[in-house]
Amino acid sequence: MSDATSGNSGPNTDSEQFGSSTDNNGPAPDSGQHAPTSEDGGTTAATGQPQNIDAAQTASAAGTGSAGGSAPSDGNGNAGAQAAAPLKPLTMENLLREFNNTMDLKYRDFPANGVTAVYLQYMIDADQLYRTLVLPFSGVTDEMAGKLLEQAIFERANTLEDAVYAILYGSAVVFSGDRAYKLDLTRSIGRSIEQTETETVIAGPHDGFVENIVENLALLRKRLRSSHLKTVSLAVGEVTKTQVVVTYIEGIANQEFVGKVTERLKSIEFDAIYEANMLVQLIDDNPNSFFPQFVVTERPDAICSKLTAGRVVIFVDGSPSAVSAPSSFFEFFTSPDDYYQRWHVGTALRLLRIVGFIITVGFTAFYVSVTTFHYEMIPHKMLLNLTKSRSNVPFPPLYEALLMETTIELLREAGARLPTKIGQTIGIVGGIVIGQAAVQAGFTSNVLIIAVASSAIASFVIPSYVMSASIRLIRFPLIFLAGIWGNFGLMVGIAFIVIHLSGITNLGSSYMSPIAPMNLKDWLDTFIRGPFSSLRYRPSQVKSPNKQKNKMRK
Amino acid sequence: MSEKLNGYHVAFIIVMIELDVTVFSLPRILAENLGTNGWIGLLLLSAIAFANLGLIHLFHRVGRGRSPFEVAEQSIPRLLLKPAYILLAVFWITIGSFVCKKYVLIYQMVAFPTTNANLLYVLLAALAFYLLIKGIYNIGKAMTIFFYFTVPAALFAFYFKGQWELYRFTPFLLKGGTEGHSLKNWLEVYTIFVGYEISLFLIPFAEPKSLFKGVYFGHSLTTSVYVLLIIVSYGFFSFEQLQAMMYPLLNLFSYIELPFLNRLENLIFTLFLFSNLASLVLFGWMALMALRRAFPKARKNMLELILIAASLGIGSYPKILRDSEIMLRVVLYLETAIAFLLPAVLLVLAVYQARGKTPKPESGTPV
C-alpha cells in the first residue's frame, strides 16, 4: 500500500492513496462494486481506509440483527456480520493477506470437496470444530458439502471485513468455491462464574459476573427467563472492537433511554475499551463531574432487579461489571442485601448508609472547623478532654487532619494494591501508626483519630466502590474550606456539591431523583426499604411505560 | 428546558426566596413595629401577600399562561421596555446582593470579626454564578435540596417546650410598638415576605396546573415557619427583651445545648447560607430574565457573568451592618411596591389585549 502511494505520486495524493488500497483488487470502483451486495447499512457510506472502520456504524447492523436472540453466543455471530468499507473482494488469498504474520491463524482444507476453513486456533473450541466441521466434511463429495453448507449454522460472509471480524470474534470462515461462510466456534475463555470480591452480601446469591460476556449473558438469561429480554450487540473501540451488549426488557424499559444508550455507544470513537467503568465515562452526560453517574455492579441479582425496574443494562466483554442506566445518586447507596433482609432491617441499613455518607463527607471537616474557629460549640465537659489532647499537637487542626486523612488514604491504597497476605501486615502496621503512635508522638489528637477513622469506616459502608472513592475525595476540599473559613467554608463547600449534583443529568433524567424532581412514592424504595407490599411502582426516573410492578394486594 | 417545574419545586422556590437573613431579626421587627402578639399582625400581612399572589394568579388566567414579558411587549414599544428591563434587572440584583451582604456582615460579626466581609461575599457570588448558569429547572432542584437543609432547623423550636410560657404573650393585642402603628411600620414587617413575586416569572417555566398550588403552598409554608419561630420567641423571651435584641433568633438558637454540641446558632445560622444564596440566585434569575429580554442575542453565560459582577460591585457597597440594614430596607420597600404594581399593570394590559382581539400566543417557551 505504501509502495503504491509512493510509486504513483500523482497530482492528488489523496485519491492515489485511496486507489492504492484497492490496487490489488483490480480497477473496479469500490463502492460501485459492492453496493448492491451489501446488506449492512453503513457499508456504502464508509469508503475510507479499510482498517478505519467506524465500529459504531457496523454495530448498528449487527445490533438490530441480534435483537431478540436467545443464545448468548449470538452476539459473536452478529459481531462477525459487521462489515464496512469493503474494498477487496472476499477471497482466500485476501483473507490470508489480512492475517499475515499471524502464527495462531490456521486453515484446514478438505481435498475431497475443495472446502477450506480459516480460523484463529486459540479462539475456537477444538471439539466443536471437530464435530461441526471436520467430521461432516471429511471425505464427502462436492455436492454433499454444498448441502451441508446450507445448514443454518453456516452464515454467508459477504465481504472481506465481514470475514475478518468473524475470525477475530472466534468464528471459522469456510470457503467453498467462490462462496464464504461463517461458522461460530467461539470457545469460552476466562474464569467461570465466581463470587464477586467487591460486592459481597451475607444473605443472597453469591455468584458474580466474570470477564466472559458469554457467561454473563447466560447468567442473566438463567435468572430472567423472558423473551422480552432483548440483547443488542455493538462493537466499541476503534482498535479493540470490544463487544458491548445492551440489554433491556421490552415493554418495561423506556425506548427513549434504550435509544440514547445505543446512540451514545455508537458515537464512541476511542481506540480501546477494557472495562465497563471505563465505558461509562465515555457515555455519561457530565464527564467532568466527580461523581460516578451510572451504577456499575458485578452482581447478577442486582442487574436483574435493575432490568425489571425498567433500566437499560450494558455488558462489556472482558469486564465483570455491568452498567445500569439511568441511575440516580441514591441508587449508589442501595445493596441487594436490603431486599433479602426484613424490611425493617433493610430500612435501617439504608439509613445507616446515608448517615455514613454524611459522616464521610463532613465529620473531619467539621472537626477542623470547630477546633479552628468555633470552640464555643463544644460542650464544656468535652472541651477539657479535647484541649488536653490537642495541647500536645503543634499543628493547626487543618494540617493535623490532612496528615491523618492522607495517611489513611495511603494505607487504603497500599492495601488495595498489595496481595491479601501482605495487605494484612499493612493493616496491622497502619493500625498501630494511626492508633497509638501518632497520638503519643504528638502528631495528632485522640479526637481527630476518632473523626478520621470513623469517616474512613463510614465511607466503606457505601456499597459502590466507585461512589465511595468519589466521596472520600470530596472530603479533602471540604477539609480545606473548613480550615480556612470554618463553618462558613464548610457550607460553601456543601452548597457547591449540592449545586453540582443538581446540575447532573443522567441520560437526560435527573440524577437527584427522587428528591428533585420529588416523588414521595419513590422514597419508599430509596431512603427506606418499604415492605414489598408497598413497593407498587417502578422508579419514576426510568419513565417506564409499565409503571406498576406489584399487583398483589397486601 | 425540556422539563417543567412542578408544584413542589415552585413551593420550595417560593420558600427559599422569601426566607432569608431578615428572619433572624423578625421577632424584634415584629415587637418594635406591631407590639405584643405580633404574630396576629403577621397573619394579616400574610393574607395581604396572598391577595397579591391572587393578583398574579389572575394575570396567569387572563394572560392565558403567557409570560409577563410577552404580554408587556405586545402593548408597549420595545424602545420603552428595554430601559425598564435594565432598571429592573439592576434593581433585582441589588436586592439579592444586599440580602447576601447583610448575611455576610452578620456572619462576620458572629464568627469572623477580622475577616474581610467582601471576601466571604465573593464566595457566595461565585456559588450564585455557578447555580445561575444551570437554568431554572436545575435551580429548582437545588432549591429543593437547600430547603431540606434549612427549614428542618425550625423544628428546634420544640426544644424550648420547657422554657416556653404562654403568659409572656400578654393579653394585649398589638400594643407597645415603639412608634405606634403606621403604614411604614406595617410595611416594614411586610417586607419579610418579599420574593413571592418570582411566581410571575415562573409562569412559562412551570407546569400550569400545579404552579399556583405550589405558590400558595410555598407561601403558607413560609408563613407557618415564621409564625412558629415568632411564637417560640414571644413565649421564650419577654416582650422588652425582644425589642432590645438585635437578632433574637440568634440568641434563641444559642440557648440550645445538645450533648455533643452547644451554641447551635453557629451551625443554624451557617445553614441559612443556603437560603440567602437562594435569594441571591433567585433575584438574580429574575434579573437575568429581564436582561435576556433586553439583550436577546447575548453570548452564553455572558449576562450571568455581568449580573454576578454587578452583584460583587453592589454587594461591596454596604460596609457596615447598620448601613446594610437601611439600604436593604429601602430596596425591600420598593420591591413590595413592584410586587403589587407589576402584576396589576400586566393584568390591565392582559385584559386590554384579551378584549381588543384574540391574543396570538407565541408558541414555545420564551428564552
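Residues numbered from 1 in each chain as written. Chains lettered and ligands numbered in written order. Predicted model: local features only at pLDDT ≥ 70, side-chain atom pairs only at ≥ 80, totals over all residues. Heavy atoms only, no water.

### Topic: the sheet that holds strand β3 (residues 154-156) of chain A
Residues and elements named next belong to chain A.
Then, in step 1: Across the sheet, five strands lie side by side as β1-β2-β4-β5-β3; this open sheet has antiparallel pairing. For this open sheet the edge positions go to β1 (105-110) and β3, each flanked by a neighbour on one side alone. Taken over all neighbouring pairs, the strand axes of this sheet differ in orientation by 25° on average, direction set aside.
Then, in step 2: Sheet topology note: the β1/strand β2 (residues 115-120) ladder contains six bridges and is antiparallel. (Pairing = 2+ DSSP bridges. Helix = DSSP H or I, 4+ residues; strand = E, 2+ residues; numbered from the N terminus. Axes fitted to C-alpha atoms, helices over the stretch in contact; angles between N-to-C directions.)

### Thoughts on the interface of chain B and chain A
Then, in step 1: Across the boundary between the two partners, chain B contributes 38 residues, which contact 34 residues of chain A.
Then, in step 2: Between chain B and chain A the total buried area reaches about 3,300 Å² when both faces are included, carbon and sulfur atoms providing 76% of it.
Then, in step 3: At the junction of chain B with chain A, the criterion picks out zero salt bridges.
Then, in step 4: Here chain B is connected to chain A by eight residue pairs in polar contact (both at pLDDT 80 or more).
Then, in step 5: Looking at the side of chain B that touches chain A, the elements with two or more residues in it are α1 (7-18), α5 (78-110), α6 (117-132), α7 (135-150) and α13 (265-294) of chain B.
Then, in step 6: Here the side of chain B that touches chain A gets nine residues from one element, more than from any other, and that element is α7 of chain B.
Then, in step 7: A per-class count over the side of chain B that touches chain A returns 28 nonpolar, six polar and four charged. (Contact = heavy atoms within 4.5 Å. Buried area = accessible area lost by both parts, 1.4 Å probe. Salt bridge = Lys/Arg side-chain N within 4 Å of Asp/Glu carboxyl O. Polar contact = N/O pair within 3.5 Å; in protein donor to acceptor, adjacent residues only side chain to side chain. Nonpolar A, V, L, I, M, F, W, Y, C, P; charged D, E, K, R; others polar.)

### Description of the UniProt feature "transmembrane region" (unreviewed entry) in chain A
Residue and element names in this part refer to chain A.
Then, in step 1: The UniProt record annotates "transmembrane region" (unreviewed entry) at residues 351-375, 447-466 and 478-502.
Then, in step 2: When the span residues 351-375 is considered, its composition is 88% helix and 0% strand, and the gap between its end C-alpha atoms is 30 Å.
Then, in step 3: A helix fraction of 100% and a strand fraction of 0% characterise residues 478-502, whose end C-alpha atoms lie 18 Å from each other. (UniProt positions renumbered as here; feature names shortened; annotations may be inferred.)

### Describing the pairing of strand β5 (residues 179-184) of chain A
Residues and elements named next belong to chain A.
Then, in step 1: Across three bridges, β3 lies against β5 in antiparallel orientation. The partner of F154 across the bridge, within β5, is L183.
Then, in step 2: In the sheet, strand β4 (residues 171-176) pairs with β5 via six bridges, with the strands oriented antiparallel. By the bridge assignment, S171 is partnered in β5 with D184.
Then, in step 3: Where β4 hands over to β5, the hairpin turn is made up of two residues, of which G177 adopts a positive phi near 65°.

### As for the sheet that holds strand β6 (residues 229-236) of chain A
Residues and elements named next belong to chain A.
Then, in step 1: Taken in spatial order, the five strands make up an open sheet running β6-β7-β9-β10-β8, and their pairing is antiparallel. Where the open sheet ends on each side, the last strands, each with one partner, are β6 and β8 (295-297). Direction aside, neighbouring strands of the sheet carry axes that sit 25° apart on average.
Then, in step 2: In this structure, strand β9 (residues 312-316) lies alongside strand β10 (residues 322-325), joined through four bridges in antiparallel fashion. Bridge pairing links V312 to A325 in β10.

### Some words on the confidence of the model for chain A
Residues and elements named next belong to chain A.
Then, in step 1: Summing up the model confidence of chain A, the mean pLDDT is 82 and the portion of residues at 70 or higher is 84%.
Then, in step 2: When pLDDT is averaged over each element of chain A, β9 comes out on top at 96 and helix α2 (residues 13-21) at the bottom at 35.
Then, in step 3: Contacts of residues 1-86 to residues separated by more than four positions or lying in other chains number 133 contacts, the stretch itself having pLDDT below 50. (pLDDT = per-residue confidence, 0-100.)

### Here's the deal with the packing of aromatic side chains
For any pair of aromatic rings, the description consists of the separation of the ring centres together with the inter-plane angle of the planes.
Then, in step 1: Considering all chains together, one arrives at 46 aromatic pairs over all chains under this definition.
Then, in step 2: In this structure an aromatic cluster arises from ring pairing among F290, F291, F329, F330, F333, F357, Y511, W523 and F527 of chain A together with F12, F147 and Y148 of chain B.
Then, in step 3: Looking at R156 of chain A, its charged tip hangs above the ring of Y181 of chain A, at a distance of 5.9 Å from the centre.
Then, in step 4: One cation-aromatic arrangement involves K521 of chain A over Y537 of chain A; the distance from NZ or CZ to the ring centre is 5.1 Å. (Phe/Tyr/Trp six-rings, centres within 6.5 Å; stacked < 30°, edge-to-face > 60°. Lys NZ or Arg CZ within 6 Å of the ring centre and 35° of its normal.)

### Looking at the pattern of salt bridges
Residue and element names in this part refer to chain A.
Then, in step 1: This model, assessed by the stated rule, comprises 28 salt bridges over all chains.
Then, in step 2: The partner of D207 in a salt bridge is R223, with the nearest N and O atoms 2.5 Å apart. With D207 in the loop between β5 and α10 (213-223) and R223 in helix α10, this residue pair connects regions lying 16 residues apart in the sequence.
Then, in step 3: A relative accessible area of 33% places R223 in the partly exposed class.
Then, in step 4: With a closest N to O distance of 3.4 Å, E413 and R412 form a salt bridge.
Then, in step 5: Overlapping salt bridges bring together E405, E409, R412, E413, R417, R472 and R475 as one network. (Buried < 20%, exposed > 50% of the residue type's maximum accessible area, 1.4 Å probe, protein only.)

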